[in-house]
Amino acid sequence: MKVEKDKVVTFYYTLSEHQGEPLEAGDQIPMAYLHGHGNILPGLEEALADKSVGDELRVVLPPDQAFGERKANAVQRVPIKHLAARPKKLLPNTIVKVQTDSGVVSGQVVKAGKFMVDVDLNHPFAGKTLVFDIKLAEIREGSPEELSHGHAHGTGGHQH
Ligand code: ZN
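What comes next is a walk through the structure.

About the cut-offs
- Residues numbered from 1 in each chain as written.
- Predicted model: local features only at pLDDT ≥ 70, side-chain atom pairs only at ≥ 80, totals over all residues.
- Heavy atoms only, no water.
- Helix = DSSP H or I, 4+ residues; strand = E, 2+ residues; numbered from the N terminus.
- Buried < 20%, exposed > 50% of the residue type's maximum accessible area, 1.4 Å probe, protein only.
- Contact = heavy atoms within 4.5 Å.
- Areas by Shrake-Rupley, 256 points an atom, 1.4 Å probe, with all protein chains shown as cover.
- Pairing = 2+ DSSP bridges.
- Axes fitted to C-alpha atoms, helices over the stretch in contact; angles between N-to-C directions.
- Phe/Tyr/Trp six-rings, centres within 6.5 Å; stacked < 30°, edge-to-face > 60°.
- Salt bridge = Lys/Arg side-chain N within 4 Å of Asp/Glu carboxyl O.

A word on the overall build of the protein chain. Across its full length, the protein chain carries two helices and nine strands. N-terminal to C-terminal, the α/β element order of the protein chain is β-β-α-β-β-β-β-β-β-β-α. Dimensions of the protein chain, computed from C-alpha atoms along their principal axes, come out at roughly 60 × 35 × 25 Å. Here the protein chain holds 160 residues, and the buried ones make up 34% of them. Looking at the protein chain alone, contacts between residues at least 24 apart form 61% of all its contacts between residues at least 6 apart. Just so you have it, the protein chain exposes about 9,600 Å², and 51% of that area is on carbon and sulfur atoms.

Moving on, we get to the sheet that holds strand S5 (residues 83-85). In a beta sheet, neighbouring strands are held together by backbone hydrogen bonds and run either parallel or antiparallel to one another. Reading across the sheet, the five strands line up as S4-S8-S7-S6-S5 and stay open at both edges, with antiparallel pairing between neighbours. Strands with a single pairing partner mark the edges of an open sheet, and in this sheet they are strand S4 (75-79) and S5. Each strand axis lies, on average, 50° off the axis of its neighbour in the sheet, ignoring direction. Taken together, the two bridges between S5 and strand S6 (residues 95-100) define a ladder with antiparallel strand orientation. By the bridge assignment for S6, leucine 83 is matched with valine 98.

This brings us to the packing of aromatic side chains. Tallied over the full model, the rule gives four aromatic pairs. Through successive ring pairs, a cluster of aromatic residues spans Phe11, Tyr13, Tyr33 and Phe132.

Another point: the pattern of salt bridges. Under the criterion given, the structure shown has ten salt bridges. In this structure, arginine 77 and aspartate 118 form a salt bridge, with 2.7 Å as the shortest nitrogen-oxygen distance. Remark: aspartate 118 occurs in strand S8 (residues 116-120) and arginine 77 occurs in strand S4; sequence separation between them is 41 residues. The exposure class assigned to arginine 77 is exposed, which follows from its relative accessible area of 53%. Aspartate 118 gets classed as buried once you look at its relative accessible area, which sits at 11%. One network of salt bridges, in which partners are shared, links Glu4, Lys7 and Glu141.

Have a look at this one:
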């Protein structure tokens, strides 16, 4: 069986920054998605098409195919009381949730004062070229329920 539309694909991966340290290791935890439904980055989905169980591949995605370039104007000064979720201490690089006009978004603390905090709303991986080292673990047919939801269920997929 090959990876194609409406198949549930399970893989292990390590995510690194190009010529850098690993950012995320999913080599212990499988990730499952429904192929052809936009569940994962388009560049990853494209690279996985037609692959088989046991295949290993390295996918390099420049920022424009991953999480975009960093935007200088994405650092915003917001009142601390407007944070949707806030840890006890607002140390630099802490992830916080900020209420914006377009909903709640995650950001990283740049610096915090007594009442105001500067939050970088760029995606943490923005501006990075990402390298995914992938090992394809399983391919199966999507169930009718998965197809109607548009995502994979079970281990590595949605749990609900
Ligand atoms: Zn579902």
